[in-house]
Amino acid sequence: MTVTDRFLDFVKFDTQSDELTNMTPSSPGQMEFAKYLKAVLLGMGLEDVDLDDNGYLMATLPANTDKEVPVIGFIAHMDTSPDMSGKHVNPRIVKNYDGSVIDLNAEYKLDPAEFPELPGYIGQDLIVTDGTTLLGADDKAGIAEIITAVSYLQSHPEIEHGKVRIAFNPDEEIGLGAHKFDVEKFGCAFGYTMDGGAVGELEYENFNAAQAKITIKGRNVHPGYAKHKMLNSIRVANNFMAMLPRWETPEHTEGYEGFYHLVGIQGTVEETVLTYIIRDHDRARFESRKREIEHLVRKTNTEFPGCCTVEIKDQYYNMREKIEPVIEIIGYVEDAMRMAGLEPKVQPIRGGTDGAQLSFKGLPCPNIFAGGENFHGRFEYVPIQSMEKATEVVVNICRIVCEKA
């Protein structure tokens, strides 16, 4: 099977994760998909195929050399984003894309005027949605690429490689993909997540991340008799929001610039809850942002005594500090990409990845492109040629690590 065949097969599974269930995996479709993948891996003749009760699937491609080669791992996640439905995905291949507008359906279209990266794929074959669901290239493209690369290595024994481990995990999209990942059982010196974006991307820096939940208690009194009695928590919340820097939000930042992002607000006169995510690549600035939230809570309580509380939880940290001591694993990927005719695009992730958490659990784990664009929505697409290149890069990494052992 080609990487395209596998990808089109995998997107049939509805694996949207759900942060409200407090289960692992968070949705039944993920376990259904994991069982299907287990059968695929067993059918390929891989060793140590193991699916645990939490939906973590691991397998081994044995070494075909007597050399002492570090064990390397390739990882991708099975879930799709909660942001949009992944049920009844109906993909279509736009062959030999000519640079024009692509009609997804009568209402939605992929227009180069709105998606300026599209002309870069002229002449390639794009897998698109029908405009009613996301596609699922994040990260079923990564799964398809890893499996196809392993299959290629099996059928080309002349390519020497060490022991290769693969793992597919649930719930990356809700920040829990690495929480129950057994790094010791995986048994790798280092690994790579195939979970990046456009072709050529290579990432080993990500945001430091935290969530802040601000709860504001009000006092409700009949509005006709409320003078000097009512405390409207919604209005207090509005004051709080206005005190944060106006330009330090996702829509005004790029590159290494951090932000405060209001992701939820629920309010009545009696109580309002604000949920922010806090992001910054620099650890010192990250800590400063958290202190600023706490400062504004204290300031609010000075004006409205005792009304405001905050709970801040760290989510993940910048993996760079764990990658730099083993920076040669970045060199392997850069060499592998150039061998595939690509120029590496090393850039920071303006987000998180399972690799960040895994790096802090003892498995250095940079992130490699899976090839898709416009993840998490109806405008998602993936060029077939990008998936083929990602597959080639995985094969090349296995070859290069063995050669340099």
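The structure under discussion appears in the preceding block.
Reference entry: report on the structure contained in this document. Everything numeric in this text was worked out from a predicted model, so none of it was measured. (Residues numbered from 1 in each chain as written. Predicted model: local features only at pLDDT ≥ 70, side-chain atom pairs only at ≥ 80, totals over all residues. Heavy atoms only, no water.)

### A few points about the side chain of aspartate 139
Mapped onto the secondary structure, aspartate 139 falls in helix 3 (residues 137-155). Within the structure, the side chain of aspartate 139 is placed 3.2 Å from the backbone nitrogen of histidine 77, a separation counted as a polar contact. Ignoring sequence-local partners within four residues, the contact set of aspartate 139 consists of Ala76, His77, Asp79, Met194, Asp195 and Ala370. (Helix = DSSP H or I, 4+ residues; strand = E, 2+ residues; numbered from the N terminus. Polar contact = N/O pair within 3.5 Å; in protein donor to acceptor, adjacent residues only side chain to side chain. Contact = heavy atoms within 4.5 Å.)

### Re the packing of aromatic side chains
This model, assessed by the stated rule, comprises 14 aromatic pairs. Ring geometry for tyrosine 56 versus phenylalanine 181: centroids 6.1 Å apart, planes at 85°, classification edge-to-face. Of this pair, tyrosine 56 sits in the loop between strand 1 (47-51) and strand 2 (57-61) while phenylalanine 181 sits in the loop between strand 8 (164-169) and helix 4 (183-186), and the two are 125 residues apart along the sequence. Under the relative-accessibility criterion, tyrosine 56 is labelled buried at 2%. A residue is classified by how much of its surface remains accessible, and phenylalanine 181, at 3% relative accessible area, is buried. (Phe/Tyr/Trp six-rings, centres within 6.5 Å; stacked < 30°, edge-to-face > 60°. Buried < 20%, exposed > 50% of the residue type's maximum accessible area, 1.4 Å probe, protein only.)

### Observations concerning the sheet that holds strand 14 (residues 308-316)
Through backbone hydrogen bonds, the strands of a sheet pair up, either in parallel or in antiparallel fashion. An order of 12-13-11-14 is seen for the four strands of this open sheet, with the pairing classed as antiparallel. Since the sheet does not close on itself, it has two edges, and those belong to strand 12 (259-267) and strand 14, each with one partner. For this sheet the average axis-to-axis angle between neighbouring strands, irrespective of direction, equals 15°. Note: strand 11 (residues 208-217) against strand 13 (residues 271-280), 10 bridges, orientation antiparallel. Pairing of glutamine 211 across the sheet is with isoleucine 277, part of strand 13. On top of the sheet, helix 5 (residues 233-243) reaches strand 11, strand 12 and strand 13; it is set at about 20° to strand 13, its chief contact. (Pairing = 2+ DSSP bridges. Axes fitted to C-alpha atoms, helices over the stretch in contact; angles between N-to-C directions.)

### A word on the sheet that holds strand 7 (residues 126-128)
Pairing is antiparallel in the open sheet, where three strands are placed in the order 4-7-17. Strand pairing shows two members of the sheet lacking a second neighbour, strand 4 (92-94) and strand 17 (381-383), which therefore form its edges. The average angle at which neighbouring strand axes cross in this sheet is 25°, direction not considered. Sheet topology places strand 4 next to strand 7; three bridges connect them, and they run antiparallel.

### Describing unusual backbone geometry
Proline 25 follows threonine 24 through a cis peptide bond whose omega is -5°. Cis geometry is adopted by the peptide bond preceding aspartate 139, which originates at aspartate 138 and carries an omega value of 15°. Look at asparagine 96: it is not a glycine, yet its phi comes out positive at around 50°. Considering the arrangement of structural elements, one finds asparagine 96 in the loop between strand 4 and strand 5 (102-103). For asparagine 96, a relative accessible area of 53% gives the class exposed.

### So, the environment of lysine 87
Note that lysine 87 resides in the loop between strand 3 (72-77) and strand 4. The partly exposed category is assigned to lysine 87, whose relative accessible area is 46%. Separated by 58 residues in the primary sequence, lysine 87 and glycine 29 place their C-alpha atoms 9.8 Å from one another. In this structure, lysine 87 is in contact with Asp14 and Thr133, ignoring residues within four places of it in sequence.

### A look at helix 5
Taken together, the buried positions of helix 5 are occupied by Ser233, Val236, Ala237 and Phe240. End-on, the buried residues of helix 5 take up no more than an arc of 100°, which puts them together on one face. Turned more than 90 degrees off the buried face of helix 5, the exposed positions are Arg235 and Ala242. Those residues of helix 5 that are buried are in contact with strand 11, strand 13 and helix 6 (283-303). Here helix 5 starts with a cap whose side-chain oxygen sits 3.0 Å from the backbone nitrogen of isoleucine 234, and that cap is asparagine 232. (Arc of directions from axis to C-beta.)

### Things to note about the pattern of salt bridges
For the coordinates displayed, the defined rule picks out 16 salt bridges. Notably, a salt bridge pairs lysine 313 with glutamate 311, separated by 3.6 Å at the nearest N-O pair. Its relative accessible area of 41% is what places glutamate 311 among the partly exposed residues. Arginine 320 is paired through a salt bridge with glutamate 324; the nearest N and O atoms lie 2.5 Å apart. Residues joined by salt bridges that share partners form a network here, namely Arg283, Glu287, Lys290, Asp314 and Glu321. (Salt bridge = Lys/Arg side-chain N within 4 Å of Asp/Glu carboxyl O.)

So far we have only geometry, and geometry alone does not tell us how the molecule works.
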